[in-house]
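Results of the structural survey
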Amino acid sequence: MAGYQEGESPSPGENSEDESQGDEAIKILEKMKLNQRLAAKELISTEARYVHNLQLCASDIRSQLHELPDGDLDVIFSNINDVIKVNSRFLKGLEEAESEDEQLNLLGNLFLEFQEEMESAYKVYCASYDQALILVESYKKVPKLQKAIQDVITALVPQAGASGLTFLLVMPVQRVTKYPLLLQKILENTPPDDQAYEALQRATRAMQEVNSNINEYKRRKEIATKYNKLEHLTVRERLARINTHSISKKTLRLSQLFKQEAGIVTRTEDREFDDLEEKFHWVALCVNELKSNVASYLENLEKQRLERLVYHPLGHLSKALLGPQNLIKKRLDKLLDFERIEEKLAEAGSMTYEEEATRHTYQALNSLLVSELPRFNQVATQWLSQLLHTLMALQRDLAQQVVLKAEGEMAQLPHSHVSESDFRKLVEDTLGKTSAQLHSFRQNFEKVLPVPITQPLQPAAERQVQTLVSKYGLSKLYQVTSNISGSGNLALTLQRGQIVALLQDRDTKGNTNRWLVDTGGYRGYVPAGKLEPYQVVSHEEPSMQTGSGDGFRFPPTEASRAPAHAAMPVFQVVAAYPFAARSSHEVSLQAGQLVMVLERQDKKGNPEWSLVEVNGQRGYVPSNFLMPVPSPVPWGWSLPPCDSPPSHM
């Protein structure tokens, strides 16, 4: 527009130009308003049709697909009911506006209000959509079943056409991706100074973020599904999978693990995941222990209610644990790859496309476990709690039945009608007589109690124990109280009575329930609750002495014992398996029976047979049926001092 001096009036041409530009601006503004209203109307009208079709899909169509099993219907329709609830409330909020302007102002705020709910509902549906399509495609291979499904769809939703069920299932996936586009169209036709502009702008970004989060969640689920498959492969199939790539990958992981154990590189700390993993393992341990106990209970007491209400649900819960267990193991493999790539990135400053993909795979898998494990642990704990409550209720019912039956049986006893005081006196008299008999039996038994047989160690076992003592000292020696079956990384398998040396009273994660020990040949972790300090007595002191009058005197107290360096743990020989003698040259054994080995070979020098004495009888038994076992008590056994040469039999 041309300027003019003060006091001068604009020319007629200038006035017409200003009016023309003003009219043009008004027309543009009116066109924007019209497009804005049309875009908003499109969003609301399509939302109403969308919710109607969803309700039709979830109620009428699902109820008429009688040919499909319930399990398939759950997969196909997934959590469509959750989507319907969210969108129905969202639509109701849009329809409450009394005017178009009010509706426009409300639109952006409603999307912001429903952002989290929409993301929670749609991410589950979109993640299971591919699995639903696989099922629908499988039905096409059965013409009769496909025709029945198509007839139902055609009758209720004619516009579906040949797409059939797929036409309905894809609607939520398409709708959530269309929200940002519809909002963007409204925003483009809204002036920046409009009061609804800021809310619409934030809503557009929010729905774009929702779609981004849904895609990321779906990607994580796909990774989890890939590594969650439980494959039962034969040895031949496993060997067929071995190639240079798999060998290289596993070698790199093993190298990374060794470097961490040796302290060359630091281990990635993730306290949040470690806590979740520990809780999950405790839940898994409780489930498996309870399942084992209930199975043993069922073997000895047949109860259909227990099997139906407790054992079978426990089996389902145990199977549900396999998936997370597999993912946790796979996460460890991916963590080793991730740490190796991070080291390379810090040194070289770059990485290959494949390494970047591996890095993202670990991050996605770890994020999925951190977000999903808390909910899984909670549900599994609740499930386990309900099963325990059911088990206790069944136990109470059983106890009541036992009490009722016992009362019926007791009513038939000869003393059932005796008064309480007389019955109490009768019981006390009987117990007194029994106690006197037991005391007399004990005295007679102690007089004829045989002296424990002292067996020297086998050379290999003696050298192994002496090595542990000389290397760590007696204060570090511990004895295994029960058999340990090792499972997991660096876990040892040990037999009851075996002697080990303590190296560290916690694992690398700081868990004091797992100790690092040395068996004299291997190092690894064992449960701390299955170890106890090994107690020994001096070589010079007798383990039990015969006294006058009172039978036996027990070993001296800890204060009066010889110094620890003068004592050694000792062994005895027992039968590991039962053996039936087949001739007069052999002698029969029972499992666990104490034996004295006279010769470690037969007359021909064959070490496969040993001459033993059992209960005063001598004969040959197979050498591999015998087993040296550490003495379970600290008396009656001794070893030569560490500086003396080992004894040979």
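Check the entry above for the structure.
Presented here is an overview of the structure given in this document. Just so you know, these numbers come straight off a predicted model, no measurement behind them.

On the surface, Val-418, Phe-423, Leu-426, Val-427 and Leu-431 cluster together into a nonpolar patch covering about 390 Å² of accessible area. Along the chain, Val-418 turns up in the loop between α14 (353-410) and α15 (420-447). By relative accessible area, which is 36% here, Val-418 ends up partly exposed.

This paragraph deals with the sheet that holds strand β11 (residues 617-622). Strands sit in the order β9-β10-β11 across an open sheet of three strands; the sheet is antiparallel. The open sheet has two free edges, formed respectively by β9 (596-599) and β11, since each of these has just one partner strand. Mean inter-strand twist for the sheet, computed between neighbouring axes without regard to direction, equals 40°. Across six bridges, strand β10 (residues 609-614) lies against β11 in antiparallel orientation. Looking at the pairing, Trp-609 lines up with Pro-622 of β11.

What follows deals with the packing of aromatic side chains. Under the definition given, this model contains nine aromatic pairs. Over the ring of Tyr-217 we find Lys-123, and its NZ or CZ is 4.8 Å from the ring centre.

The pairing of strand β3 (residues 514-518) with strand β4 (residues 523-527) spans five bridges and is antiparallel. In the strand pairing of β4, Val-517 is matched with Gly-524. Between β3 and β4, which pair antiparallel one after the other, the connecting turn spans four residues, and Gly-520 there sits at a positive phi close to 95°.

In this section: the sheet that holds strand β2 (residues 499-504). The antiparallel open sheet is built from five strands, whose spatial order is β4-β3-β2-β1-β5. Each edge of the open sheet carries a strand with a single partner, namely β4 and β5 (531-533). Between one strand and the next, the sheet's axes are offset by a mean angle of 50°, whatever the strand orientation. Here strand β1 (residues 477-480) pairs with β5 via three bridges, running antiparallel. Note on β5: the bridge partner recorded for Val-480 is Leu-531.

Turning our eyes to something else, we now look at empty space enclosed by the protein. Taken as a whole and judged by the stated rule, the model has four cavities of 30 Å³ or more. Lining the largest cavity, in full, are Val-136, Tyr-139, Lys-140, Gln-146, Ile-149, Gln-150, Ala-162, Ser-163, Gly-164, Leu-165 and Thr-166. Among the secondary structure elements, those contributing two or more residues to the lining of the largest cavity are α5 (115-139), α6 (143-156) and α7 (165-169). Per-element tally for the lining of the largest cavity: the top contributor is α6, with three residues. Among the residues making up the lining of the largest cavity, the classes are represented as five nonpolar, five polar and one charged.

Our focus in this paragraph is the side chain of Gln-593. Relative to the elements of secondary structure, Gln-593 occurs in the loop between β8 (571-575) and β9. With relative accessibility at 17%, the residue Gln-593 sits in the buried group.

Rules used in this analysis
- Residues numbered from 1 in each chain as written.
- Predicted model: local features only at pLDDT ≥ 70, side-chain atom pairs only at ≥ 80, totals over all residues.
- Heavy atoms only, no water.
- Patch = residues over 30% accessible without salt bridge, like charges linked within 9 Å, V, L, I, M, F, W, Y side chains within 5 Å.
- Areas by Shrake-Rupley, 256 points an atom, 1.4 Å probe, with all protein chains shown as cover.
- Salt bridge = Lys/Arg side-chain N within 4 Å of Asp/Glu carboxyl O.
- Helix = DSSP H or I, 4+ residues; strand = E, 2+ residues; numbered from the N terminus.
- Buried < 20%, exposed > 50% of the residue type's maximum accessible area, 1.4 Å probe, protein only.
- Pairing = 2+ DSSP bridges.
- Axes fitted to C-alpha atoms, helices over the stretch in contact; angles between N-to-C directions.
- Phe/Tyr/Trp six-rings, centres within 6.5 Å; stacked < 30°, edge-to-face > 60°.
- Lys NZ or Arg CZ within 6 Å of the ring centre and 35° of its normal.
- 1 Å grid on protein atoms, 1.4 Å probe; cavity = no way out; pocket = protein on both sides within 12 Å on 5 of 7 lines; lining within 4 Å.
- Points joined across faces, edges and corners; volume = space filled by probe spheres on them.
- Nonpolar A, V, L, I, M, F, W, Y, C, P; charged D, E, K, R; others polar.

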